[in-house]
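Okay, here's what each chain looks like letter by letter:
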Amino acid sequence: MARKFFVGGNFKSNGTTTQIKSIIEGLNQASLNPNVEVIISPPAIYLPLAKEIASNGVQVAAQNVYDKGNGAYTGEISAAQLKDVGVNWVIIGHSERRALLGESDKFVASKTKAALAGGLSVILCIGESLEEREAGTTIDVVTRQLKAVADEVSDWSNIVIAYEPVWAIGTGKVATTEQAQEVHAAIRKWLRETVSDKAAEETRILYGGSVTDKNSKELATQPDVDGFLVGGASLKPAFVDIINSAA
Ligand code: 13P
């Protein structure tokens, strides 16, 4: 089964009502490659707005979900509430949350399990720090992050993996095509050995970290790069060129 190219735009904590409307209207009017799955992820408060106005096949993802149901969890949003407003995707395990908010591998795994059980599809983010890359432990780190999820989840058919080296996020320092391909191939090998042949063949593995319209075409030529998770550049008109860079 061919893996459909996937491009996500993670807006992080950026945008106002006016700006988010304008980004989405731009995507609605753009000529988007129909063979690419496109997802945008605005801050939670703008999810219903995004759902209401996004067309042209553009789907919407939350940037976080809690691992409990509805209840006394001030400030949190449940999978059921995301589904209630028509959101079917969620980003989990972003390095900004792991690093700044101390989210552990175990918590990320628990949230992934809860999201899947609640009927959401998950963009699961993993990636090593600069220190870890320089120590030669990149593959150990990403497989440790994946293993925590594999301990909780056996069906990976609604998971997309985003490999986002922390040193490449928001730095303008993109991984080389060789660096990206090497880690993506190792992730696929891990899926084959730990989950199943099916998971290895069908799971999309995205690259994220300083992706722009200038580097996306070359990255997209790599056999194990099945798309991108884009931060800063997803707020700009050139996001359309990144979407259309599928090989
Ligand atoms: P940048 O594209 O801004 O480097 O961010 C990547 C990212 O963190 C996407 O989740």
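In this numbering scheme, every chain counts its residues from 1 along its sequence in written order. It should be noted that, the model being predicted, local features are given only for residues of pLDDT at least 70 and side-chain atom pairs only at 80 or more, the latter also being counted only at that level, while totals for whole chains, interfaces and linings use all residues. Side-chain descriptors were evaluated using all non-hydrogen atoms of the structure, hydrogens and water having been removed beforehand.

The name that an unreviewed UniProt entry assigns to the protein chain is Triosephosphate isomerase, with the source organism given as Tuber borchii. The annotation that UniProt attaches to the protein chain under Catalytic activity (unreviewed entry) is "D-glyceraldehyde 3-phosphate = dihydroxyacetone phosphate". UniProt positions are given in the numbering used here, feature names are shortened, and annotations may be inferred rather than shown by experiment.

A.B. asks: Account for the pattern of salt bridges, with residues named and values stated.
C.D. replies: For this document, the term salt bridge refers to a Lys or Arg side-chain nitrogen within 4 Å of an Asp or Glu carboxyl oxygen. If you walk through the whole model with that rule in mind, you get 18 salt bridges. Close ionic contact of R133 with E128 constitutes a salt bridge, the shortest N to O distance being 2.7 Å. Grouping residues by exposure puts R133 and E128 together as buried. The partner of E202 in a salt bridge is K198, with the nearest N and O atoms 3.0 Å apart. Taken as a pair, E202 and K198 lie in helix α9 (residues 197-202) at a separation of four residues, close to a single helical turn. Judged by relative accessible area, which is 26%, E202 ranks as partly exposed. Here K198 falls in the partly exposed class, since its relative accessible area comes to 47%. Per-residue accessibility, obtained with a 1.4 Å probe over protein chains only, is compared with the maximum for each type, and a residue is labelled buried under 20%, exposed over 50%, and partly exposed between these values. Helix numbers and strand numbers start at the N terminus; a helix is a DSSP run of H or I with at least 4 residues, a strand a run of E with at least 2.

A.B. asks: Explain the pairing of strand β5 (residues 121-126) to me, and be specific about the residues and the numbers.
C.D. replies: Across the six residues of β5, six count as buried, placing the element largely inside the fold. Residues of β5 alternate between two faces, with S121, I123 and C125 on one and V122, L124 and I126 on the opposite face, all of them buried. Pairing between two strands requires that DSSP report at least two bridges joining them. In this structure, strand β4 (residues 89-92) lies alongside β5, joined through four bridges in parallel fashion. Each residue of the ladder has a partner; that of W89, found in β5, is S121. In this sheet, strand β6 (residues 159-163) lies alongside β5 in parallel orientation, the contact comprising five bridges. Across the sheet, V122 pairs through a bridge with I159, a residue of β6.

A.B. asks: Now, about the packing of aromatic side chains: what can you tell me, with residues and values included?
C.D. replies: Geometry of an aromatic ring pair is reported as the spacing of the ring centres plus the angle between the planes. Note on aromatic contacts: the rings of Phe and Tyr and the six-membered ring of Trp form a pair at centre separations within 6.5 Å, being stacked when their planes are under 30 degrees apart, edge-to-face when over 60 apart, and tilted otherwise. What the rule picks out here adds up to six aromatic pairs. Judged by centre distance (5.3 Å) and plane angle (50°), the rings of Y66 and Y73 are tilted. Exposure remark for Y73: the relative accessible area of 32% places this residue in the partly exposed category. Ring-pair connections join several aromatic residues into one group, and the members of that group are Y66, Y73 and F107.

A.B. asks: A description of the sheet that holds strand β7 (residues 205-208) should follow, citing residues and the corresponding values.
C.D. replies: Around the barrel, eight strands lie side by side as β1-β2-β3-β4-β5-β6-β7-β8; this closed barrel has parallel pairing. Mean inter-strand twist for the sheet, computed between neighbouring axes without regard to direction, equals 25°. The sheet contact formed by strand β3 (residues 59-62) and β4 spans two bridges and is parallel. The partner of A61 across the bridge, within β4, is W89. Working rule for contacts: check all heavy atoms of both residues, and any pair within 4.5 Å makes them a contact. Simply put, an axis is a line fit to the C-alpha atoms, just over the touching stretch for a helix, and the angle between two N-to-C directions goes from 0 to 180 degrees. Sheet strands touched by helix α7 (residues 138-150): β5 and β6. Its angle to β5, the strand with the most contacts, is close to 150°.

A.B. asks: For the site of the ligand, give the residues involved together with the corresponding values.
C.D. replies: Residue proximity to a molecule or strand is established when one non-hydrogen atom of the residue lies within 4 Å of it. Around the ligand, a shell composed of 13 residues is seen, among which K12, H94, G170, S210 and G232 lie nearest. Pairs of N or O atoms are called polar contacts if they sit within 3.5 Å, as long as, within protein, a hydrogen donor faces a hydrogen acceptor (for residues adjacent in sequence, only side-chain-to-side-chain pairs). Contact distances for the ligand include 2.9 Å between an oxygen atom and a backbone N or O atom of G231. In isolation the ligand offers 300 Å² of accessible surface; the protein chains occlude 95% of this area. All accessible areas in this document rest on Shrake-Rupley with a 1.4 Å probe, and a residue is counted as covered only by the protein chains that are shown.

A.B. asks: Now, about the packing of helix α5 (residues 105-117) against α7: what can you tell me, with residues and values included?
C.D. replies: Two numbers describe how α5 lies on α7: the axes approach to 8 Å, and their chain directions differ by 45°. Taken as axis vectors, α5 and α7 run oblique relative to one another. Crossing geometry of α5 relative to α7 is assigned as right-handed. Taken together, the residues of α7 that come into contact with α5 (itself represented by D105, A109 and T112) are R144, Q145, A148 and V149. Note on residue classes: Ala, Val, Leu, Ile, Met, Phe, Trp, Tyr, Cys and Pro are nonpolar, Asp, Glu, Lys and Arg are charged, and everything else, Gly too, is polar. Of the residues belonging to the contact of α5 with α7, the class tally is three nonpolar, two polar and two charged. Convention used here: angles under 35 degrees read as roughly parallel, angles over 145 as roughly antiparallel, angles from 65 to 115 as roughly perpendicular, and any remaining angle as oblique. The sense of a crossing depends on the near helix, which, turned anticlockwise from the far helix by less than a right angle, makes the crossing left-handed and, turned clockwise, makes it right-handed.

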